[in-house]
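# Reading the structure
Here is how the chains run, residue by residue.
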Amino acid sequence: MRKFETVAAIVFLLVCCNEHASLAQGRILDIYPGVDVFGPTVQSLKAGDTLVVHQGIYNETTRMSIQVQGSPAAPITITRAAGESRPVITRPSSASIQNTINIEGSTTWLTLRGLEIVGTGGGDGVTMKGTLSNITLDDLVIHDVDVGINFRSSMNNITVRRNHIYNTGADGGTGEGMYVGCNYATCIVQNSLIEQNWIHDSLPGTTQGDGIEVKVGSHSNIIRDNVIYNRAYPGILVYGTGANPVNIVEGNVIWNALEGIYAVADAVVRNNIVFNSGTGLSLYPHEQVAQMKNVTAVNNTLYKNNDGILMRWDSFAVNMILANNAIYSPTKNALNLHGSVGMFSANYVDGKSDRAMDGVAFIAGGSSTAAFVDPGHSDFWPKFGSPLIAAANEAYAPATDFNATPRFSPYDVGAYENDGLASNPGWRIATGFKEFPSPPDTIPPTVALTSPSAGSNVSGRIVVSASASDNVGVAKVEFRLDRATTLGTATSAPYSITVNTSKFADGRTHVLTAVASDAAGNTTESSPVSITVSIAVKNR
Ligand SMILES: [Ca+2]
Ligand SMILES: [Ca+2]
Ligand SMILES: [Ca+2]
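In this text the structure is predicted, and so the values were computed from the model without any measurement. Every residue gets a number counted from 1 within its own chain, in the order that chain's sequence is written. As they are written, the chains are lettered A onward and the ligands numbered 1 onward, keeping that order. Only residues with pLDDT of at least 70 get local features here, since the model is predicted, and only at 80 or more are side-chain atom pairs given and counted; chain-wide, interface and lining totals rely on the full set of residues.

Moving on, we get to the overall build of the protein. Assigned secondary structure in the protein consists of three helices and 47 strands. Along the first, second and third principal axes, the C-alpha atoms of the protein reach 105 × 60 × 35 Å. Comment: burial labels come from other C-beta atoms within 10 Å of the residue's own C-beta, placed from the backbone, where a count of 20 or more is buried, 12 or fewer is exposed, and between is partly exposed. Here the protein holds 540 residues, and 48% of them are scored as buried. Two residues form a contact once the distance between their C-beta atoms, set from the backbone, is within 7 Å. Contacts in the protein between residues far apart in sequence, at least 24 positions, make up 64% of those at least 6 positions apart. Helix and strand assignments follow DSSP, with helices taken as H or I runs no shorter than four residues and strands as E runs no shorter than two, numbered in order from the N terminus.

This is how it looks when you write it as structure tokens:
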């Protein structure tokens with residue numbers, strides 16, 4: 001498991017349990033559609049409250065400013081109503097142009113979940129500005145806005161997960177999917193997690209349109225497992241962190257962007273896939289970054305980009321590593337390095353290049369169809385016999401791959417680790433969220449017979465019933481006589497069958513059990529219940 005997954009798991013547990021606590025301590029409020037209903041109600045929330053937003057359209061005519069304070073033990077949650085369609089938060093076209101949602105002041109321990117946020121006139125979807133921390137934006141759909149999610153002041157511990165953001169750059173704005181931090185480090189976003197978002201389509205007329213832009217000075221952030229395409233600026237842009245820890249950019253997939261991933265300084269860029277873009281990786285200076293340093297770009301798969309790697313690492317750049325990348329740009333430029341210097345190792349290359357293949361730093365990679373299962377359909381799994389397999393420099397191989405699956409030595413070049421599998425066992429690149437398979441269900445159901453009761457004397461037709469539950473779901477409950485003979489099976493609750501006991505009416509004691517199964521095939525047999533079956537009355 002990646003160390004960051006461990007961190008994420010801990011954070012998840014905290015969120016999970018705090019929410020249960022909030023149910024115990026706070027109010028649960030319900031709102032229904034209307035004009036100026038959403039903003040004022042949100043502003044009234046107190047620590048521990050849960051606001052359930054029912055389906056329909058919420059029109060906000062005034063500038064919305066959310067300034068609320070939850071606490072670690074009593075966070076505030078705003079969520080769609082279970083089983084209903086996603087509520088829409090927007091502004092009428094007659095209202096002044098504002099961001100649809102502003103989160104401000106000293107807001108902390110707040111979660112927004114399951115809302116659709118629609119812009120009008122060129123405002124942002126969600127703008128965060130103030131002394132903010134511990135805010136979670138989860139499962140939001142944000143569209144037809146200028147910037148999707150805007151982080152506009154110093155803040156920390158912001159989680160932005162599984163949001164669908166599209167049609168940004170309305171009214172000719174800068175149009176970033178996410179804009180994180182400030183120019184010239186005048187604000188700094190740190191220790192934040194941006195993962196599994198789906199960001200696509202900057203609008204025609206946007207002046208920029210980055211997918212995720214993390215401004216200079218912002219640091220210790222993780223940007224991973226995002227799906228980003230059709231962007232008029234870089235898919236992901238990270239500048240530099242100054243003296244602070246690096247930003248990590250991993251497991252993302254980007255296509256049809258002006259540039260794929262642009263990293264200036266202080267970044268680990270690993271296990272990403274970029275294709276059909278202006279560049280795969282852009283690794284060159286920016287005027288807001290004083291010095292290029294500390295870039296580790298390893299195990300990325302770059303396919304059919306105009307420039308696979310566009311690099312300008314000069315002799316003053318410090319601690320720059322480019323290793324184990326699969327750089328295939330058939331008929332285009334694979335390497336545009338212009339004399340760059342750095343630690344270069346085991347990069348496999350196909351396409352035009354301004355650097356000689358030396359067999360160590362840069363190695364001729366052969367054709368993309370020999371390297372990947374089906375590159376024309378975005379399947380970049382290393383096929384059997386691929387030159388990428390077991391070809392990596394072990395010193396630079398990440399612990400896991402694009403699928404977040406552990407890599408085993410000998411290590412492969414590119415974003416995937418083959419480890420003997422003929423095809424990709426994970427998510428296939430497609431429009432939508434990057435999915436990870438759920439871990440297998442290994443927990444068996446619980447089951448108990450509820451009728452008849454132990455020691456009953458029974459005769460004729462009786463109902464046999466059981467209660468059963470499972471962490472995922474009960475698939476069936478089978479009822480057995482003397483632990484051997486199946487009497488019948490129930491597949492939905494309440495679990496019961498009718499049994500004609502005259503077939504085994506012999507005056508003896510028998511035992512009944514129920515065996516519950518889940519879909520994964522885990523089974524549990526209930527404690528036995530003894531019954532005595534009355535001898536049938538003959539010749540009546
Ligand atoms: Ca920008
Ligand atoms: Ca391996
Ligand atoms: Ca189970």
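Moving on to the confidence of the model for the protein. Close inspection of predicted coordinates is inappropriate in any region flagged by low pLDDT. Per-residue confidence from the predictor is reported as pLDDT, a score between 0 and 100. Per-residue confidence for the protein averages 94 on the pLDDT scale, and 94% of its residues sit at or above 70. Long-range and interchain partners of residues 1-24, a stretch whose pLDDT sits below 50, account for 21 contacts in this model, where long-range means more than four residues apart.

Let us look at unusual backbone geometry. Across the junction of S409 and P410, the peptide omega takes the value 0 degrees, indicating a cis bond. With respect to the helices and strands, the residue P410 is situated in the loop between β38 (379-382) and β39 (446-451). Here the amide bond leading from A493 into P494 is cis, since omega sits at -5 degrees, within 30 degrees of zero. With respect to the helices and strands, the residue P494 is situated in the loop between β43 (485-490) and β44 (495-500).

By the assigned domains, the protein splits into domain 1 (18-250) and domain 2 (446-533). Relative placement of domain 1 and domain 2: their C-alpha centres are 52 Å apart. Domain start and stop positions are those given by an automatic or database domain assignment.

The next thing to look at is the sheet that holds β39. Overall, antiparallel pairing links the three strands, which are arranged β39-β41-β44 in an open sheet. Both edges of this open sheet fall to β39 and β44, since each of them pairs with a single strand only. The average angle at which neighbouring strand axes cross in this sheet is 25 degrees, direction not considered. For two strands to be treated as a pair, DSSP must find no fewer than two bridges joining them. In terms of strand pairing, strand β41 (residues 461-469) meets β44 through six bridges, oriented antiparallel. Directly across from A466, in β44, lies its bridge partner Y495. Fitting a line to C-alpha atoms yields each axis, with helices limited to the stretch in contact; the angle taken between N-to-C directions then spans 0 to 180 degrees.

Let us now look at the nonpolar core. V249 and A263 are the most contacted members of the largest nonpolar core, which has 115 residues in total. A total of seven residues in this core trace back to one element, the largest contributor, which is strand β25 (residues 253-263). Each nonpolar core consists of buried Ala, Val, Leu, Ile, Met, Phe, Trp, Tyr and Cys residues. Their C-beta atoms, within 7 Å, join them into a set. In terms of nonpolar packing, the next biggest core, distinct from the first, is built from 18 residues, V474, L512, A514 and V529 among them.

Now for the environment of Y303. Locating Y303 in the fold gives a position in strand β30 (residues 301-303). Put simply, Y303 and A334 are 31 residues apart on the chain and 8.8 Å apart in space, counted from C-alpha to C-alpha. When near neighbours in sequence (up to four residues on either side) are disregarded, Y303 contacts F275, Y328, S368, P375 and F380.

Another aspect to go through is the pairing of β41. Two elements, β39 and β41, share five bridges in a ladder whose sense is antiparallel. Note that in β41 the partner of V447 across the bridge is A468.

A few words on the environment of A392. Its place among the elements puts A392 in the loop between β38 and β39. When near neighbours in sequence (up to four residues on either side) are disregarded, A392 contacts N324, A346, A397, Y411, D412 and V413.

As for its placement among the helices and strands, H200 is situated in strand β20 (residues 198-202). Take H200: there are 22 C-beta atoms within 10 Å of it, and that puts it in the buried class. Through-space distance from the C-alpha of H200 to that of H143 is 9.9 Å; in sequence the pair is 57 residues apart. If we skip the residues at most four places from it in the chain, H200 touches Y166, I228, Y229 and N230.

In this section: the pairing of strand β31 (residues 307-311). The element β31 is largely enclosed, with a buried count of five among its five residues. Here strand β28 (residues 279-283) pairs with β31 via four bridges, running parallel. Looking at the pairing, L283 lines up with M311 of β31.

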